Amino acid sequence: MAGHSHIYERFRPVAPRTGTNTWPITHVTTGGGGAPLYVVYPHPALEAQVSTNHFVLIEATPTTLTGLALTTNETVIDKFELKKSTVSPRQRSGAVYPEE
C-alpha cells in the first residue's frame, strides 16, 4: 500500500519472469484524500485506476486481505481480495504481470 500519488491505482500481481518460488506482489496506490489530484495514465499492468478523491477500507484476517475503494460519495471504485496460500500464486495462475 502506498499513498503519495494523488490517485487510486491497483496493479495486477507483479513478479520477475524467472524463478518459480517468487511470490507476485499486488501494489495499491491510494492518495485521494484531498490534495490536488494527478492525471492517470493507462498501463497494461493496471487492474484499476481513477483520479478522484476517495478512501479505501481494508479487512484483514489471518488468510485474507479484502479491499474496497470508494469515492467520497460512496461509489465503488474497486474491490479486491488477496488470499494467503501455501501454493505460490505463480504456480496457481498465469495472471502475473512480469516486472521487466
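This text goes with the structure placed above it.
These numbers come from a predicted model, not from an experiment.

A. Broad picture of the overall build of the protein chain. When helices and strands are counted, the protein chain shows 1 helix and 8 strands. Going from the N terminus to the C terminus, the protein chain shows its helices and strands as β-β-β-β-β-β-β-α-β. Within the protein chain, buried positions represent 25% of all 100 residues. At a minimum sequence separation of 6, the contacts of the protein chain that also span at least 24 residues come to 50%. When the accessible surface of the protein chain is summed, it comes to about 6500 Å², and 55% of that surface belongs to carbon and sulfur atoms.

B. Examining the sheet that holds strand β3 (residues 28-30) more closely. If you walk across this open sheet you meet the 3 strands as β3-β1-β4, and the pairing is antiparallel. Each edge of the open sheet carries a strand with a single partner, namely β3 and β4 (46-50). Across this sheet, the average inter-strand angle for adjacent strands is 5 degrees, counted without regard to direction.

C. Spotlight on the sheet that holds strand β7 (residues 76-83). Strand order in the open sheet made by the 3 strands is β5-β6-β7, with antiparallel pairing throughout. A single partner strand is all that each edge strand has here, and the edge strands are β5 (54-60) and β7. The sheet shows a mean angle of 10 degrees between the axes of neighbouring strands, taken without regard to direction. Of the strand pairs in this sheet, β5 and strand β6 (residues 64-71) are connected by 7 bridges, and their pairing is antiparallel. When the bridges of β6 are listed, A60 appears paired with L65.

Analysis parameters
Residues numbered from 1 in each chain as written. Predicted model: local features only at pLDDT ≥ 70, side-chain atom pairs only at ≥ 80, totals over all residues. Heavy atoms only, no water. Helix = DSSP H or I, 4+ residues; strand = E, 2+ residues; numbered from the N terminus. Buried < 20%, exposed > 50% of the residue type's maximum accessible area, 1.4 Å probe, protein only. Contact = heavy atoms within 4.5 Å. Areas by Shrake-Rupley, 256 points an atom, 1.4 Å probe, with all protein chains shown as cover. Pairing = 2+ DSSP bridges. Axes fitted to C-alpha atoms, helices over the stretch in contact; angles between N-to-C directions.

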